[in-house]
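Chain by chain, the residues:
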Amino acid sequence: MFLDFFFKLKNAKIPVSLNEFLNLLNALDNQVISYDVNEFYYLTRTCLIKDEKLFDRFDLVFGEYFKSIERIELEDVMSSVDIPDDWIKQMFNRYFTEDEINRIKSQGGIEKLLKTLKQRLKDQKKRHQGGNKWIGTSGTSPFGAYGYNPEGIRIGQDKRRHGKAIKVWDKRIFRDFDNTKEFNNRSFKVALKKLRQWARTGINQELDIEETISDTAKNGILNIKTKKERENSIKVLLFLDVGGSMDSHIEQVEQLFSAASNVFKNLHYFYFHNCLYEGIWKNNNRRWNERLSTYDVIRTYGKEFKCIFVGDATMSPYEIVIPGGGNEHFNDEPGRVWLERAITQWPSYIWINPVIEKYWEYSESTMIIKDIFKNRMVPLTLDGIDKATKILTQPNFN
Amino acid sequence: MEFSGSKNYISTNDLTVAVNASIALEKPLLVKGEPGTGKTELARQIANSLKLEIIEWSIKSTTKAQQGLYEYDAVSRLRDSQLGEEIKDITKYIKKGKIWESFETTKKSVLLIDEIDKADIEFPNDLLQELDKMEFYIYETGKVIKANHRPIIIITSNNEKELPEAFLRRCFFHYIQFPEIDTLRKIVEVHFPDIKKSLLETALKKFFQIREVPGLKKKPSTSEALDWIKLLLVEDLDSKDLKSDGKNILPKLHGALLKNEQDIQLFEQLAFMSRKED
């Protein structure tokens, strides 16, 4: 049941699993919903889709799939199924007022009407609209939908006929949530987690069971021993390139940044533009007023800090190699000198580049920086981050 | 057992289907949505309308999955043994956690795991087995605890961390959307049945106007709307009092709606710009 729908979802790159699909069938078996297409839509969504970002893609697939089902004409159903007279009579009493029933009787009664209906269904092969004899929509014949004949039999028209209103899934209210990301933030965080270094710091707070037992056994009297709590002791400095050509990479960098600030408690970040010079800043809105001296930063943070540069390394080569080459101000010393000072201070360093790796060789400045960083440059992809964590955790990586 | 909202809680059609599916198939329901759209309230209302006991487990950044099952008090046991008591029954050193509590109730219960995204990124993975089979093993006593009645489990998340795939696969999922004006009207009427029609309409109109201003840091949501209208009623304001002039684009008592300085500044700028146009 609905197997092709399941595969359509798979084809649309929506991560659905067999288990979830079985859940849906199970829910249908358990009659969680009545026979209502909207409820069916909600049920499939709650069973199969686990992220509001995917709702929009799901809506599209659902709409496409169920359009093809809607196209089955009522006439096809009527002519393939022999509907018992009793059943239709019952429907009659529900749909018509007494006054209307009386008027139907004036036309020869319900049996005659039904007989004519069946006869006409047999004669009529195509879909029909308008006119005054054939069954279809908007006509004046007694049979069909949206008609003007009070003695007519209404076919396929319900108070809640879904064609009238825009269907729920056609509204596509979740469009804003879909941002088909290449990687999600979670996988970044998991990748960055490899950088954690566990160490026991702070005051003795945790009960050390091993030590307590051995000491108690030795002395014959209970002697509670405590130890320091285990904490993630990794310290990270993040230098982020902002502005100019970095604007097109902002989303990726934001993700990396939010992942990093979630994983590391001891994280300090600074902004620079294009290349590192004598001044950096902490708040990008106030970059001109609140500059920090790069010297001070280098002196403040010890060698144990891991140093991560994030930037596209795309600039004029002069900005790196000659004094006064910077494009925003006059720098007394070339950027290269500052970069080398930084990586001498923090021997565990990496440059993360959001530009796709195969384009690196076409940019001279990228190659210069890669050279300064002794090839420690990785792309801003999941693989790249993974590689970066390996480099940063091996003290003597070359 | 079927949930269809209650007299204090308006449940939209899609929410009702999701809740009933999770009750019928006895699987956890994960609820996400903007802050203040009634995620936590949902669990309480389900318990209320089905007349079940509710057990709330609020997650903090230091919460471990194990704490939901049980905690073993090794120190007390050590102390007692030092005092020369013979320990026959170690079960008294085992403290029940919230999940265990919900497994042991005499009737079906509702277990709310609130703000699961606050915990460590691996937290949901540590609960897979327990939520799937509704049983767990106590190492200290070697006993297996099985649920008498599988509780209705509602899990809320504020999207601070993404949840692992394996965990998501075991849940039903619902995203509580910010209500449309009709639904919000119903919600307000449920809370303040005596509110004057004219005040309600003006307030709702103003509220949605504020929500739709682009660039807001924190859009006001259902709970803010309710707080604001409550204030309006307490102060006994009229729909006329809510009319804004060019000088003051924000309605009275907007402190209940906008809780961010930058957002209020944004409105001041807008007012300034509209005055310039005049």
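Comments concerning the overall build of chain B
- The secondary structure content of chain B amounts to eleven helices and nine strands.
- Here chain B holds 278 residues, and 30% of them are scored as buried.
- Here the analysis covers contacts within chain B between residues at least 6 apart in sequence; of these, 75% occur between residues at least 24 apart.

Here's the deal with the environment of Phe-66 of chain A
Residue and element names in this part refer to chain A.
- Residue position: Phe-66 is located in helix H4 (residues 55-70).
- Using a count of 17 C-beta atoms within 10 Å as the deciding quantity, one classes Phe-66 as partly exposed.
- Between the C-alpha atom of Phe-66 and that of Val-37, which follows or precedes it by 29 residues, the distance is 9.6 Å.

Considering the sheet that holds strand S2 (residues 53-58) of chain B
Residues and elements named next belong to chain B.
- Spatially, S2-S5-S8-S1-S9 is the arrangement adopted by the five strands of the open sheet, whose pairing is parallel. Each edge of the sheet is formed by a strand with only one pairing partner; in this case those strands are S2 and strand S9 (172-176). Averaged over all neighbouring strand pairs, the angle between strand axes comes to 20°, with direction disregarded.
- Note that S2 and strand S5 (residues 109-114) share six bridges and pair parallel. Within the sheet, the bridge partner assigned to Ser-58 lies in S5 and is Asp-114.

Details of the confidence of the model for chain B
Residue and element names in this part refer to chain B.
- Chain-level pLDDT for chain B is 85 on average; 97% of the residues reach the 70-or-more range.
- Mean pLDDT values for the elements of chain B range from 76 in helix H11 (residues 261-277) up to 94 in S2.
- Prediction confidence for the complex, expressed as pTM and ipTM, is 0.60 and 0.79 respectively.

Considerations on the nonpolar core
- Membership of the largest hydrophobic core comes to 60 residues, with the highest contact counts inside it found for Leu-43 of chain A together with Leu-29, Ile-46, Ile-154 and Ile-155 of chain B.
- Per-element tally for this core: the top contributor is helix H1 (residues 13-25) of chain B, with six residues.
- What Ile-154 of chain B contacts, discounting residues up to four positions off in sequence, is Leu-29, Val-31, Leu-42, Ala-43, Ile-46, Val-110 and Leu-112 of chain B.
- Core analysis: the second largest hydrophobic core is formed by 43 residues, Leu-256, Tyr-277, Phe-305 and Ala-388 of chain A among them.

Some words on the interface of chain B and chain A
- Each side of the interface is counted separately: chain B has 24 residues, and chain A has 29 residues.
- Of all the secondary-structure elements, those providing two or more residues to the side of chain B that touches chain A are H1, helix H4 (74-82), helix H7 (165-169) and S9 of chain B.
- Ranked by residue count, the leading element in the side of chain B that touches chain A is H1 of chain B, at eight residues.
- Split by residue class, the side of chain B that touches chain A holds 14 nonpolar, five polar and five charged.

Rules used throughout
Residues numbered from 1 in each chain as written. Chains lettered and ligands numbered in written order. Predicted model: local features only at pLDDT ≥ 70, side-chain atom pairs only at ≥ 80, totals over all residues. Helix = DSSP H or I, 4+ residues; strand = E, 2+ residues; numbered from the N terminus. Buried ≥ 20, exposed ≤ 12 C-beta atoms within 10 Å, placed from the backbone. Contact = placed C-beta atoms within 7 Å. Pairing = 2+ DSSP bridges. Axes fitted to C-alpha atoms, helices over the stretch in contact; angles between N-to-C directions. pLDDT = per-residue confidence, 0-100. Core = buried A, V, L, I, M, F, W, Y, C linked by C-beta atoms within 7 Å. Nonpolar A, V, L, I, M, F, W, Y, C, P; charged D, E, K, R; others polar.

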